[in-house]
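Structure assessment
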Amino acid sequence: MADVDIAIIGGGLNGVSIAHDAAGRGLRVLLLEQNDLGGGAASASAHLMHGNVIDLERGHVLRIRRALAERDLALRAAPHLVRPARFVLPAHADERPLAVMRAGLYAYDRLAPRSDLPRSEVLDLTIHEAGHPLKRSLRQALAWSDCTVDETRLVVLTAVDAAARGAAIWTGARCAWAERSEVWRLTVVNRGRRESVVARALVNASGAWTRAVAESVLHLPPVQASLAKVSQIVVRRIFDRDDVYLLQNDDHRMIYAIPYHRDFTLIGSSERGLAGDPAALSAGADDIAYLCAAASRYFRERVEPSDAVHAVAGGHLETARDGVMKLDRKRGRAPLLTVIGGSTAGARRRAETAVARLGKTTLPAWTAGAPLPGGDFAWDAFDDEVESARQRWPFLTERHAWRLVEAYGTRIDHVLGAAKSMDDLGARFGDDLTASEVRYLMKEEFARFANDVLWRRSKLGLTMPRQDREALEIFMASAS
Ligand SMILES: Cc1cc2nc3c(=O)[nH]c(=O)nc-3n(C[C@H](O)[C@H](O)[C@H](O)COP(=O)(O)OP(=O)(O)OC[C@H]3O[C@@H](n4cnc5c(N)ncnc54)[C@H](O)[C@@H]3O)c2cc1C
């Protein structure tokens, strides 16, 4: 008799989305994450929840249509995490011609027929505000609507909802060994203790670790795919607008510059063909210099390597943009489903397909249109939520209310409760992280260590002084 119907290796967006879908269909699910939820690809994500305009050049019309439909579903399911934004692509004399891109965007608008977001347009950068931070030599740009997403919180809240529907979510639990017969017998190193788990089916959703898990845990031939690296830097805000700038670099790579947690700008790009351990990836001096030079080609304010307050790199296996899903089902042997990569927008649908392919349930798909925790408000009512939070808890500053609504949506009351003042929320770490919020994150959102709070449940690590981080670590150790 198996302990669970499905065991999943990997607490990234693919793993938690499958756990969520499967638990909601009544299956017994166990998700194993060796470190913290969202500590892999999501931690280095470009934050783009989009149809990917660049796919137009490759003629991937159906793929874009599907991605845009998923983007719009996500905007409604998690309007606190997924925010609409104008994407601005300045036309550069040496790059793709404006007329060609304009025609493409005309098609892009029509591929999201039910979207309520504004349509694309050509901007005259000499008069439009989007031109203010850009070099004067740039005269025109294309602008269209897409979304940004806080991917680490998307991972965490998907896991929270999966757990509410019965999934067991084990963090700090590494799947070390798996033996396959009619069932899977897994050996898990769970926070230092060895445990055995029997599962009817296994999902390998270990992202950049897929090859290593296939080889050393599942004793299979390695998955054939090369590792791609994405490097990013965070600098103090270099523009005042909510727009996402997409910049065509002279080597034809796209660089993105995104407003990041109010006071910062995230600048990133992707590069290909790396080898090695995904856990050991880092943004090197060359990556940082490259990103600074690319951004300085467009923005009036020069970006220097010394401006980087944070640098991060993440790895993923190079796959088709929709990802790869491979089902290994042999007579008398428990099934193995390998799920690699894919876009952020496509994760919900991929999970739906994954659970259907495993065939362990006849219950229908249910996640399209279901809100994630805190997401039960209208996608265009974010500012109203901030305002009503300030009315209910008048001691909140606008900045604090905004951060809490962005993180918790309508669940903000789980953090603030009946507090009448900041003092009611207990000790403070940095500007506005309170003991009450940390306790909530530990109890409800699987946070164990200071970095779980500072980098995956929030990005407060960008601003929190060292002594406060240390105090937070001590507080969490004593509270656990
Ligand atoms: C740097 C980067 C930027 C991206 N940006 C975008 C973007 O802007 N827009 C977009 O649409 N898509 C983007 N993507 C793609 C998208 O974010 C990912 O495809 C998506 O997050 C799915 O990741 P995953 O769940 O497959 O892997 P991961 O998030 O990496 O999760 C895999 C997890 O498996 C765990 N694990 C590994 N081995 C074991 C083991 N033995 N036992 C237990 N756990 C284990 C790891 O610790 C890790 O947490 C990006 C991808 C990367 C890498």
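Just so we're clear, the structure is a prediction, and the values are computed from it rather than from any experiment. (Residues numbered from 1 in each chain as written. Predicted model: local features only at pLDDT ≥ 70, side-chain atom pairs only at ≥ 80, totals over all residues.)

**Concerning the overall build of the protein**
Formally: Working definition: helices are DSSP H or I runs of at least four residues, strands are E runs of at least two. Numbering for both runs from the N terminus. All radius of gyration figures rest on C-alpha atoms, and the globule criterion is 2.2 Å times the number of residues raised to 0.38. With C-beta atoms placed from the backbone, a residue is buried if 20 or more other C-beta atoms are within 10 Å of its own, exposed if 12 or fewer are, and partly exposed between those counts. For every residue pair, C-beta atoms are placed from the backbone, and the pair is scored as a contact if these atoms sit within 7 Å.
Looking only at helices and strands, the protein features 14 helices and 19 strands. Since a compact globule built from 480 residues should have a radius of gyration of about 23 Å, the 22 Å found for the protein is in line with a globular shape. In terms of its C-alpha atoms, the protein occupies a principal-axis envelope of roughly 70 × 55 × 45 Å. By the burial criterion, 49% of the 480 residues in the protein qualify as buried. Of the contacts made within the protein by residues no fewer than 6 positions apart, 70% connect residues no fewer than 24 positions apart.

**Remarks on the packing of helix H1 (residues 13-24) against helix H8 (residues 347-358)**
Relative placement of two packed helices is described by the angle separating their axes and the distance separating the axes. Operational definition: To define axes, lines are fitted to C-alpha atoms, for helices over the stretch in contact only, and angles between the resulting N-to-C directions are given on a 0 to 180 degree scale. Oblique is the label for any angle not under 35 degrees, not over 145, and not in the 65 to 115 range, which are roughly parallel, roughly antiparallel and roughly perpendicular in turn. Note: crossing handedness is left-handed where the near helix turns anticlockwise from the far helix by less than a right angle, and right-handed where it turns clockwise. All amino acids are sorted into three groups, where Ala, Val, Leu, Ile, Met, Phe, Trp, Tyr, Cys and Pro are nonpolar, Asp, Glu, Lys and Arg are charged, and the leftover types, Gly among them, are polar.
Where H1 contacts H8, the two axes come as close as 8 Å, and the packing angle between them is 55°. Considered as vectors, H1 and H8 are oriented oblique to each other. For the pair H1 and H8, the crossing hand works out as right-handed. Across from Leu 13, Asn 14, Ser 17, Ile 18, His 20, Asp 21 and Ala 22 in H1, the residues of H8 making contact are Ala 347, Arg 348, Arg 350, Ala 351, Glu 352, Ala 354 and Val 355. A breakdown of the residues in the contact of H1 with H8 according to their chemical character gives 7 nonpolar, 3 polar and 4 charged.

**Some points on helix H6 (residues 210-217)**
An α-helical segment advances 3.6 residues per turn. Residues three or four places apart therefore align on the same side. Those residues of H6 lying buried are Thr 210, Arg 211, Val 213 and Val 217. Trailing H6 by a residue or two, His 219 shows a phi angle of about 60°, which is positive.

**What to know about the site of the ligand**
Note the cut-off: For each residue, a C-beta atom is placed from the backbone, and the residue counts as near a molecule or strand when that atom lies within 6 Å of it. The domain boundaries here were taken from an automatic or database domain assignment.
Residues in contact with the ligand amount to 39 residues; listed here are only the nearest, Gly 12, Gly 40, Ala 46, Gly 207 and Gly 314. At the level of secondary structure, the elements contributing two or more residues to the shell around the ligand comprise H1, strand S2 (29-33), strand S8 (173-180), H6 and strand S15 (308-317). Residues belonging to the shell around the ligand are distributed by class as follows: 16 nonpolar, 20 polar and 3 charged. Looking at which domains feed residues into the shell around the ligand, each of domain 1 (4-42 + 153-224 + 320-358) and domain 2 (44-148 + 226-317) supplies at least three.

**Regarding unusual backbone geometry**
Of note in this structure, Arg 191 is not a glycine but carries a positive phi near 50°. Mapping Arg 191 onto the fold places it in the loop between strand S9 (184-190) and strand S10 (193-204).

**Things to note about the nonpolar core**
Formally: For our purposes the nonpolar core covers buried Ala, Val, Leu, Ile, Met, Phe, Trp, Tyr and Cys residues that link as a set through C-beta atoms within 7 Å.
Counting residues in each nonpolar core, the largest one holds 134 residues, and the members touching the most others are Ile 6, Ala 7, Ile 8, Ala 19, Val 29, Ala 159 and Ala 295. Ranked by residues supplied to this core, first place goes to helix H5 (residues 151-164) with 8 residues. Ignoring any residue separated from it by four or fewer positions in sequence, one finds Ala 19 in contact with Ile 8, Val 29, Leu 31, Ala 159, Ala 162 and Ala 167.

**So, the packing of H1 against H5**
Contact pair H1 / H5: the axes reach a minimum separation of 8 Å and the direction vectors enclose 25°. With respect to their mutual orientation, H1 and H5 come out roughly parallel. Crossing of H1 against H5: the hand is left-handed. For the pair formed by H1 and H5, the contact residues are Leu 13, Val 16, Ser 17, Ala 19, His 20 and Ala 23 on the first element and Glu 151, Leu 154, Val 155, Thr 158, Ala 159, Asp 161 and Ala 162 on the second.

**Quick notes on the environment of Arg 349**
By the secondary structure assignment, Arg 349 is in helix H8. For Arg 349 and Glu 70, which are 279 residues apart along the polypeptide, the C-alpha to C-alpha distance reads 7.6 Å.

**Re the domain arrangement of the protein**
Per the domain assignment, the segments of the protein are domain 1 (4-42 + 153-224 + 320-358), domain 2 (44-148 + 226-317) and domain 3 (382-479). Its C-alpha centre places domain 1 at a distance of 30 Å from the equivalent point of domain 3. With 11 residues of domain 1 at the contact, the number on the domain 3 side is 8 residues. Listed by contribution, the elements that provide at least two residues to the side of domain 1 that touches domain 3 are H5 and strand S7 (168-171). It is H5 that contributes the most residues to the side of domain 1 that touches domain 3, 4 residues altogether. Class assignment for the residues of the side of domain 1 that touches domain 3 results in 5 nonpolar, 4 polar and 2 charged.

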